[in-house]
Amino acid sequence: MPPLVKGKAITGAAITEPDAGSDVSSIRTTAILDDNEYVINGTKTFITGGTLADYLLVLCVTEPYARSRHDRFSVIMVETDRKGLRPAS
């Protein structure tokens, strides 16, 4: 995070999904804690700043059984050079 607060990095937002449209509460991307890291699995579209970002703020389902469907979500910051992050071609 130090590059962000120094103004030397750019963030993007990865929220929208192909099947959820504007209904953000219907997203299906999951994040499961594995040891000390979250493993994120899903597809995002229309990523704001995606081609420029050094970090993405990714909306994920982390609590699938929460009482309210709005309490199911977390935003996780992901480095865009992270292994496994695959931009569409």
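Residues numbered from 1 in each chain as written. Predicted model: local features only at pLDDT ≥ 70, side-chain atom pairs only at ≥ 80, totals over all residues. Heavy atoms only, no water.

Some details on the layout of surface pockets
The rolling of a water-molecule-sized probe over the atoms marks out the regions of remaining empty space.
So, point 1. Volume-wise, the largest pocket comes out at about 960 Å³.
So, point 2. Lining the largest pocket are 28 residues, and of these Ile-40, Val-78, Gly-84, Leu-85 and Arg-86 sit closest to its centre.
So, point 3. Elements with a minimum of two residues in the lining of the largest pocket: strand E3 (37-41), strand E4 (55-61) and strand E5 (73-79).
So, point 4. Ranked by residue count, the leading element in the lining of the largest pocket is E3, at 5 residues.
So, point 5. Looking at the lining of the largest pocket residue by residue, the class counts come to 13 nonpolar, 8 polar and 7 charged. (1 Å grid on protein atoms, 1.4 Å probe; cavity = no way out; pocket = protein on both sides within 12 Å on 5 of 7 lines; lining within 4 Å. Points joined across faces, edges and corners; volume = space filled by probe spheres on them. Helix = DSSP H or I, 4+ residues; strand = E, 2+ residues; numbered from the N terminus. Nonpolar A, V, L, I, M, F, W, Y, C, P; charged D, E, K, R; others polar.)

What to know about the nonpolar core
So, point 1. If you look at the biggest cluster of nonpolar residues, it comprises 8 residues: Ala-14, Ala-31, Ala-53, Leu-56, Val-58, Cys-60, Ile-76 and Val-78.
So, point 2. Contributions of two or more residues to this core are made by E4 and E5.
So, point 3. If you tally residues by element for this core, the top one is E4, at 3 residues.
So, point 4. Within the second largest apolar cluster, 5 residues are counted, among which are Ala-20, Ile-27, Leu-59 and Phe-73. (Core = buried A, V, L, I, M, F, W, Y, C linked by side-chain atoms within 4.5 Å. Buried < 20%, exposed > 50% of the residue type's maximum accessible area, 1.4 Å probe, protein only.)

Remarks on the side chain of Thr-29
So, point 1. Note on placement: Thr-29 falls in the loop between strand E1 (11-14) and strand E2 (30-34).
So, point 2. Since its relative accessible area comes to 1%, Thr-29 is described here as buried.
So, point 3. Reaching out from Thr-29, the side chain makes a polar contact with the side chain of Glu-17 at a distance of 2.5 Å.
So, point 4. Beyond its immediate stretch of four places on either side in the chain, Thr-29 contacts Glu-17, Ile-40, Asn-41, Gly-42, Thr-43, Lys-44, Leu-59, Cys-60 and Val-61. (Polar contact = N/O pair within 3.5 Å; in protein donor to acceptor, adjacent residues only side chain to side chain. Contact = heavy atoms within 4.5 Å.)

Let's talk about the pattern of salt bridges
So, point 1. Applying the stated rule across the entire model yields 3 salt bridges.
So, point 2. Where Glu-17 meets Lys-44, a salt bridge forms, and the shortest distance between an N and an O atom there is 2.9 Å. One end of the pair, Glu-17, is in the loop between E1 and E2; the other, Lys-44, is in the loop between E3 and E4, and 27 residues separate them in sequence.
So, point 3. The exposure class assigned to Lys-44 is buried, which follows from its relative accessible area of 16%.
So, point 4. In this structure, the salt-bridge partner of Glu-79 is Arg-82, at a minimum N-O distance of 3.1 Å.
So, point 5. Taking the relative accessible area as the measure of exposure, Glu-79 reaches 28% and is therefore partly exposed.
So, point 6. The structure contains a network of salt bridges with shared partners spanning Glu-37, Glu-79 and Arg-82. (Salt bridge = Lys/Arg side-chain N within 4 Å of Asp/Glu carboxyl O.)

Side note on the environment of Arg-82
So, point 1. Along the chain, Arg-82 turns up in the segment after E5.
So, point 2. In the structure, Arg-82 is positioned 75 residues away from Gly-7 in sequence and 20 Å away in space, judged by C-alpha atoms.
So, point 3. Polar side-chain contacts of Arg-82 include one of 3.1 Å to the side chain of Glu-79.

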